[in-house]
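# Structural characterization, general
Spelled out, the chains give:
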Amino acid sequence: MTAGGPMSASMQTNGHVAPAADASNRLPSREACRSSLAHVDLAAVFASAAARHLLLIAPQVRRELAWWRAGAAEITDASLRRQALKSLGKHGNIEGAALFAILAPAARRRQAVRALVAFQTAYNYLDALSELPSEDPRANADQLHQALLTALHPDAQHADYYAHNPHGADGGYLHSILDACRTALAGLPSFPALAPTLRAAAARIVDFQTLNLTEQQGGHAALERWAHEATPSGNGLAWWETAAGAGSSLSVHALIAAAASARVDAADARAIDEAYYPWAGGLHSLLDSLVDREEDRAHGQRSLVGYYRDTGDAATRLGVLAKRTARVTECLPQAHAHRVILTAMCSYYLSAPQCHTPEARAISRSLTNVLGAPLNVAISVFGARRRVSVLTGEAYT
């Protein structure tokens with residue numbers, strides 16, 4: 001992933017980075033929440049979530065992806081077409097985004113899935129584009145990722161997202177994805193109340209992508225300075241953990257799903273965002289970094305998970321992030337569903353072929369200590385899904 005300068009103009013206006021606050025200190029009755037969660041039959045919760053996903057959500061995800069794949073195939077610029085189709089091949093993380101729709105009421109689930117799939121599809125595409133050669137990779141990444149803010153603003157005018165990119169003839173492909181996302185969002189009952197927090201979460205992504213430079217472009221010095229400033233004293237996070245949380249789309253996904261429910265207010269939005277950033281988001285991006293470690297090295301990109309001293313340190317710290325995530329989501333509405341999503345996210349990454357290493361196994365043991373046996377079961381399920389994809393010739397990344 002490429003990135004941009006430490007204080008570009010758009011970062012000053014759009015990069016509204018919220019401090020990495022500890023929501024666990026602000027959520028009430030934690031013991032009561034734990035007690036309530038402990039009495040839930042987690043096996044039944046997992047089975048119910050899996051059924052909803054397989055029967056109601058996954059078929060729509062396939063239809064949405066088929067639609068965007070057809071659009072991508074019509075892009076005249078060969079480089080953009082290749083990147084669009086490649087980014088759509090990341091079925092796993094797009095399905096993971098759509099999994100958040102289990103939090104949405106049935107009446108609004110279809111709209112939530114459409115927004116979730118469109119946002120993650122746009123993110124995948126923009127991330128791929130920002131890695132293409134550019135005369136000014138910092139400005140390029142910054143300008144491209146402004147599209148994520150437009151996706152969350154129904155009334156915003158489209159910018160020239162390709163202004164610093166040597167390619168731009170996408171035939172309206174990117175605009176269509178962004179418009180699909182914001183049209184779906186506009187129909188969700190609580191979107192107006194959640195919109196400011198949603199856009200702040202997306203602005204963190206813009207900032208991260210603008211600063212996440214390859215070694216050839218300048219490395220992580222600017223990212224490190226930014227993350228130090230965004231990390232409140234005493235919360236125990238290393239700078240790369242805060243940065244990882246900022247680059248994650250999980251908070252956006254959780255807020256989109258919440259917007260589908262009526263009577264969700266700005267305070268609820270802040271509680272959700274503070275649960276997912278930086279804790280769950282940091283865990284998410286660091287597991288992604290673990291999977292992409294060799295690919296990052298090949299492209300001259302410093303792996304975030306590579307900043308840990310050794311395997312034991314990485315396993316311990318990711319276990320801490322998982323524990324804090326589990327803790328701060330306990331008092332959210334549908335806490336059991338958030339636990340399912342957290343477990344599914346971890347198992348998706350830990351089932352990847354790149355995670356058949358001693359380091360990944362140590363991390364898996366550490367996370368199992370927090371999330372319990374369901375994590376191992378989910379890893380097996382995702383592993384089987386990956387094997388099937390190999391037999392059918394369908395990429396599952």
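Residues numbered from 1 in each chain as written. Predicted model: local features only at pLDDT ≥ 70, side-chain atom pairs only at ≥ 80, totals over all residues. Heavy atoms only, no water.

Our focus in this paragraph is the confidence of the model for the protein chain. With 87% of its residues at a pLDDT of at least 70, the protein chain reaches an overall mean of 88. Scored below 50 in pLDDT, residues 1-28 shows 93 contacts in the model against residues more than four places distant or in partner chains. (pLDDT = per-residue confidence, 0-100. Contact = heavy atoms within 4.5 Å.)

Before going further, it helps to examine the pattern of salt bridges. In the structure shown here, the tally under the stated rule is 8 salt bridges. With its nearest N and O atoms 3.1 Å apart, the salt bridge here joins Asp179 to Arg182. Of the two residues, Asp179 and Arg182 both sit in helix H8 (residues 173-186), 3 residues apart, roughly one turn of that helix. (Salt bridge = Lys/Arg side-chain N within 4 Å of Asp/Glu carboxyl O. Helix = DSSP H or I, 4+ residues; strand = E, 2+ residues; numbered from the N terminus.)

A separate point is the side chain of Asn93. You can see Asn93 is positioned in helix H5 (residues 91-99). You can call Asn93 buried: its relative accessible area is 19%. Within polar-contact distance, the side chain of Asn93 engages the side chain of Asn124 at 3.1 Å. (Buried < 20%, exposed > 50% of the residue type's maximum accessible area, 1.4 Å probe, protein only. Polar contact = N/O pair within 3.5 Å; in protein donor to acceptor, adjacent residues only side chain to side chain.)

Let us look at the nonpolar core. Across soluble globular proteins, nonpolar side chains show a tendency to be buried alongside one another. By size, the foremost hydrophobic cluster in this structure holds 125 residues, and its most contacted members are Leu283, Leu287 and Leu367. It is helix H13 (residues 266-291) that provides the largest number of residues to this core, a total of 13 residues. Those residues in contact with Leu287, other than ones at most four positions away along the chain, are Leu318, Met345, Cys346, Tyr349, Leu350, Ile363 and Leu367. (Core = buried A, V, L, I, M, F, W, Y, C linked by side-chain atoms within 4.5 Å.)

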